[in-house]
Amino acid sequence: MVPGDLEAVAVTAATDKSRVFDEEKRGVGVELRGVGGEEEDSSDQEARGTWKHAAFHVATTIATPAAYAPLPFAVASLGWPIGVASLVGGTVATWYSSFLITSLWRWNGKKQTTYRHLAGSIYGSGGYWSIAFFQQVASLGNNIAIQIAAGTSLKLPDIHSLRWVNAMCTLSTVGFAGTTIGLTIYNGKKIDRQSVSYSLQGSSSLKMFKAFNALGAIAFSFGDAMLPEIQSTMREPVKKNMYKGVSTAYGVIVLTYWQLAFCGYWAFGSQVQPYIVASLTNPEWATVMANLFAVIQISGCFQIYCRPTYAYFEETMLSRKTAGRLPLQKQIVRLVFTSIYMVLMTLVAAAMPFFGDFVSICGAIGFTPLDFVFPALAYLKAGKNPGNAKTRRLLMFLNLTIAASFSIVAVLGCVGAVRFIVKDVETYRFFHDM
């Protein structure tokens with residue numbers, strides 16, 4: 001292929017991306033019109049979610065067994081002072097970032113119903129495709145990390161239709177956390193406390209890489225790549241419902257995350273396993289119960305995190321030009337695609353025996369840009385700044401500090417995870433647990 005051909009291919013690819021972005025932009029951004037700035041479009045009539053539904057959705061997407069499980073190990077890898085500070089800092093930073101994303105609802109007079117369209121409305125096509133990439137990494141990584149279980153074949157038309165499933169999943173989240181915390185305390189009391197060590201293990205380089213890995217795991221534990229999608233299902237007043245829902249979800253997260261992290265570290269010290277349930281021995285029936293709660297919670301979480309991939313598939317492969325040529329063609333194509341997707345996710349999950357390392361790299365590459373860096377920068381870029389100059393400077397300093405700090409966390413977490421994956425590949429076999 002000659003240089004001229006290469007240039008033509010590059011131009012065509014860029015044009016195709018721009019065309020897709022422009023078409024979706026026209027289809028998603030809805031202008032405000034009518035009396036008092038009320039929006040007059042059919043999507044508002046379909047938005048039926050309350051703050052309780054928002055709380056269910058947010059809690060389901062963040063507080064998964066895969067998010068809880070590595071926290072004691074992360075605290076042990078960082079040591080008590082830095083581990084506690086990182087856990088508290090991650091909680092506060094993502095809570096604040098969730099409020100920033102919520103506040104950008106209709107920031108330019110148009111309703112942006114997905115993460116990538118929100119990014120596109122602020123940064124253009126570059127922002128759209130960057131966030132689309134990070135969201136796919138986060139979604140695919142999360143679905144692999146939660147070890148796809150029975151019940152994931154359930155498909156419903158939209159996120160709001162999952163409200164009762166996610167209500168059950170939120171109760172299962174609390175059940176998993178409560179059972180695991182209780183088991184951790186029980187097992188911790190049975191252990192000879194003199195044998196538990198809280199010192200960091202290994203050489204200086206090993207300690208450093210374990211700390212890097214732990215930062216990525218904590219970022220994963222607070223990841224939520226679906227906030228705008230959840231917010232688009234809220235009824236008026238949208239922002240108020242979302243603020244209340246997010247705060248309620250984080251109340252559950254604080255009560256359960258912190259207790260499990262601290263109890264797990266107290267019980268097992270530096271010997272705690274990356275998946276906390278693996279450190280628990282008895283009673284066996286209670287461990288089975290914790291795993292049962294995990295399976296129920298995973299079924300709902302998977303439904304939400306598969307949606308970015310399904311949405312992209314439908315936008316590109318099930319467009320008006322290709323759909324409807326044959327009876328049930330759209331349904332058949334969708335069934336084939338979703339079946340292949342779930343089989344691939346299951347195979348990858350079964351092939352990966354190093355849970356902690358995978359969680360860390362997913363948190364570093366996927367969730368950190370989405371949940372820490374983008375909200376802080378997007379809020380400033382959108383011009384959502386207070387009128388008071390002093391408050392504006394303080395807010396700018398805070399947002400830039402969060403963006404810079406967690407950009408470093410993303411790099412360090414990725415380095416630590418890659419280092420341990422390379423090392424673990426030498427020890428483990430793929431499909432080791434099958």
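Reading guide: rules and limits
- Residues numbered from 1 in each chain as written.
- Predicted model: local features only at pLDDT ≥ 70, side-chain atom pairs only at ≥ 80, totals over all residues.
- Heavy atoms only, no water.
- Axes fitted to C-alpha atoms, helices over the stretch in contact; angles between N-to-C directions.
- Helix = DSSP H or I, 4+ residues; strand = E, 2+ residues; numbered from the N terminus.
- Parallel < 35°, antiparallel > 145°, perpendicular 65-115°, else oblique.
- Left-handed = near helix turned anticlockwise from the far one by under 90°.
- Contact = heavy atoms within 4.5 Å.
- Nonpolar A, V, L, I, M, F, W, Y, C, P; charged D, E, K, R; others polar.
- Buried < 20%, exposed > 50% of the residue type's maximum accessible area, 1.4 Å probe, protein only.
- 1 Å grid on protein atoms, 1.4 Å probe; cavity = no way out; pocket = protein on both sides within 12 Å on 5 of 7 lines; lining within 4 Å.
- Points joined across faces, edges and corners; volume = space filled by probe spheres on them.
- Core = buried A, V, L, I, M, F, W, Y, C linked by side-chain atoms within 4.5 Å.
- Expected span 1.5 Å × (residues − 1).
- Phe/Tyr/Trp six-rings, centres within 6.5 Å; stacked < 30°, edge-to-face > 60°.
- Lys NZ or Arg CZ within 6 Å of the ring centre and 35° of its normal.
- Patch = residues over 30% accessible without salt bridge, like charges linked within 9 Å, V, L, I, M, F, W, Y side chains within 5 Å.
- Areas by Shrake-Rupley, 256 points an atom, 1.4 Å probe, with all protein chains shown as cover.
- Salt bridge = Lys/Arg side-chain N within 4 Å of Asp/Glu carboxyl O.
- pLDDT = per-residue confidence, 0-100.

## Quick word on the packing of helix 3 (residues 51-62) against helix 12 (residues 238-268)
Link 1 in the chain: Look at helix 3 against helix 12: their axes get within 7 Å of each other, and the N-to-C directions meet at 40°. With respect to helix 12, the element helix 3 is oriented oblique. The two elements helix 3 and helix 12 cross, and the hand of that crossing is right-handed. Contacts between helix 3 and helix 12 pair Trp51, Ala54, Ala55, Val58, Ala59 and Ile62 from the former with Asn241, Met242, Lys244, Gly245, Val246, Thr248, Ala249, Tyr250, Ile253 and Tyr257 from the latter.
Link 2 in the chain: A per-class count over the contact of helix 3 with helix 12 returns 12 nonpolar, 3 polar and 1 charged.

## Let's talk about the side chain of Ser360
Link 1 in the chain: Counting through the fold element by element, Ser360 comes out in helix 16 (residues 355-381).
Link 2 in the chain: Look at Ser360 and you get buried, because its relative accessible area is 0%.
Link 3 in the chain: Discounting residues that sit within four places of it in the chain, Ser360 has contacts with Phe212, Asn213, Gly216, Ala217, Gly413 and Ala417.

## Focus on empty space enclosed by the protein
Link 1 in the chain: Following the criterion strictly, the structure yields 6 cavities of 30 Å³ or more and no others.
Link 2 in the chain: The calculated volume of the largest cavity comes to roughly 70 Å³.
Link 3 in the chain: Surrounding the largest cavity, Phe73, Ala76, Ser77, Leu200, Gln201, Lys207, Lys210 and Ser270 form its lining.
Link 4 in the chain: Taken together, the elements giving at least two residues each to the lining of the largest cavity come down to helix 5 (71-78) and helix 10 (204-221).
Link 5 in the chain: The biggest single contributor to the lining of the largest cavity is helix 5, with 3 residues.

## So, the nonpolar core
Link 1 in the chain: Core analysis: the largest hydrophobic core is formed by 79 residues, its most contacted members being Val58, Met242, Tyr257 and Phe374.
Link 2 in the chain: If one sorts the elements of this core by residue count, helix 12 sits on top with 13 residues.

## Considerations on helix 10
Link 1 in the chain: In this model, helix 10 (18 residues) spans 26 Å end to end at C-alpha, consistent with the 26 Å of a helix rising 1.5 Å per residue.
Link 2 in the chain: Across the 18 residues of helix 10, 14 count as buried, placing the element largely inside the fold.

## Considerations on the packing of aromatic side chains
Link 1 in the chain: Within the structure shown, the criterion is met by 15 aromatic pairs.
Link 2 in the chain: When the ring of Tyr68 is compared with that of Tyr257, the centres are 4.9 Å apart and the planes differ by 65°; the resulting orientation is edge-to-face. Taken together, the positions of Tyr68 in helix 4 (residues 65-68) and Tyr257 in helix 12 put the pair 189 residues apart, joining distant regions of the chain.
Link 3 in the chain: Here the aromatic rings of Tyr123 and Phe374 are separated by 6.4 Å at their centres, their planes lie at 55°, and the arrangement is tilted. A residue pair is termed long-range when its members are at least 10 positions apart, and Tyr123 in helix 7 (residues 115-123) and Phe374 in helix 16 qualify at 251 residues.
Link 4 in the chain: Members of the aromatic cluster, connected to one another through ring pairs, are Tyr68, Phe176, Phe222 and Tyr257.
Link 5 in the chain: Between Arg193 and the ring centre of Trp266, over which it is positioned, the NZ or CZ distance is 4.3 Å.
Link 6 in the chain: Sitting above the plane of the Phe420 ring, Arg419 keeps its charged end 5.3 Å from the centroid.

## A closer look at a nonpolar patch on the surface
Link 1 in the chain: Judged by side-chain polarity, Ile332, Val336, Ile340, Val343, Leu344 and Leu347 come together as a nonpolar surface patch covering roughly 530 Å² of accessible area.
Link 2 in the chain: Assignment of secondary structure puts Leu344 in helix 15 (residues 329-351).

## Details of the packing of helix 6 (residues 80-103) against helix 12
Link 1 in the chain: Between helix 6 and helix 12, the shortest axis-to-axis distance is 10 Å and the interhelical angle comes to 170°. Between helix 6 and helix 12, the crossing angle belongs to the class labelled roughly antiparallel. Across the interface between the two elements, Trp80, Val84, Leu87, Val88, Thr91, Thr94, Trp95, Ser98, Phe99, Thr102 and Ser103 from helix 6 touch Lys239, Met242, Tyr243, Val246, Ser247, Tyr250, Val254, Trp258, Ala261, Phe262 and Tyr265 from helix 12.
Link 2 in the chain: Partitioning the contact of helix 6 with helix 12 into residue classes produces 15 nonpolar, 6 polar and 1 charged.

## Structural notes on the confidence of the model for the protein chain
Link 1 in the chain: In this model, the protein chain carries a mean pLDDT of 76, and residues with pLDDT of at least 70 account for 71%.
Link 2 in the chain: Across the protein chain, helix 6 holds the top mean pLDDT of 92, while strand 1 (residues 30-31) sits lowest at 38.
Link 3 in the chain: Under a pLDDT of 50 for its full length, residues 5-14 has, in the predicted model, 2 contacts with residues more than four places off or in other chains.

## Observations concerning the pattern of salt bridges
Link 1 in the chain: Evaluation of the coordinates by the stated rule reveals 1 salt bridge.
Link 2 in the chain: Among the ionic pairs, Glu236 bridges to Arg106, the shortest N-O distance being 3.1 Å. Residue Glu236 is located in the loop between helix 11 (227-231) and helix 12, and its partner Arg106 is located in the loop between helix 6 and strand 2 (110-111); the two are separated by 130 residues in the primary sequence.
Link 3 in the chain: For Glu236, a relative accessible area of 41% gives the class partly exposed.
Link 4 in the chain: Arg106 sits in the buried class, given a relative accessible area of 16%.

## With respect to the environment of Gln231
Link 1 in the chain: As for its placement among the helices and strands, Gln231 is situated in helix 11.
Link 2 in the chain: In this structure Gln231 comes out as buried when scored by relative accessible area, which is 1%.
Link 3 in the chain: Between the C-alpha atom of Gln231 and that of Thr114, which follows or precedes it by 117 residues, the distance is 8.9 Å.
Link 4 in the chain: The contacts of Gln231, once residues within four sequence positions are left out, are Ile101, Thr102, Trp105, Val238, Lys239 and Met242.

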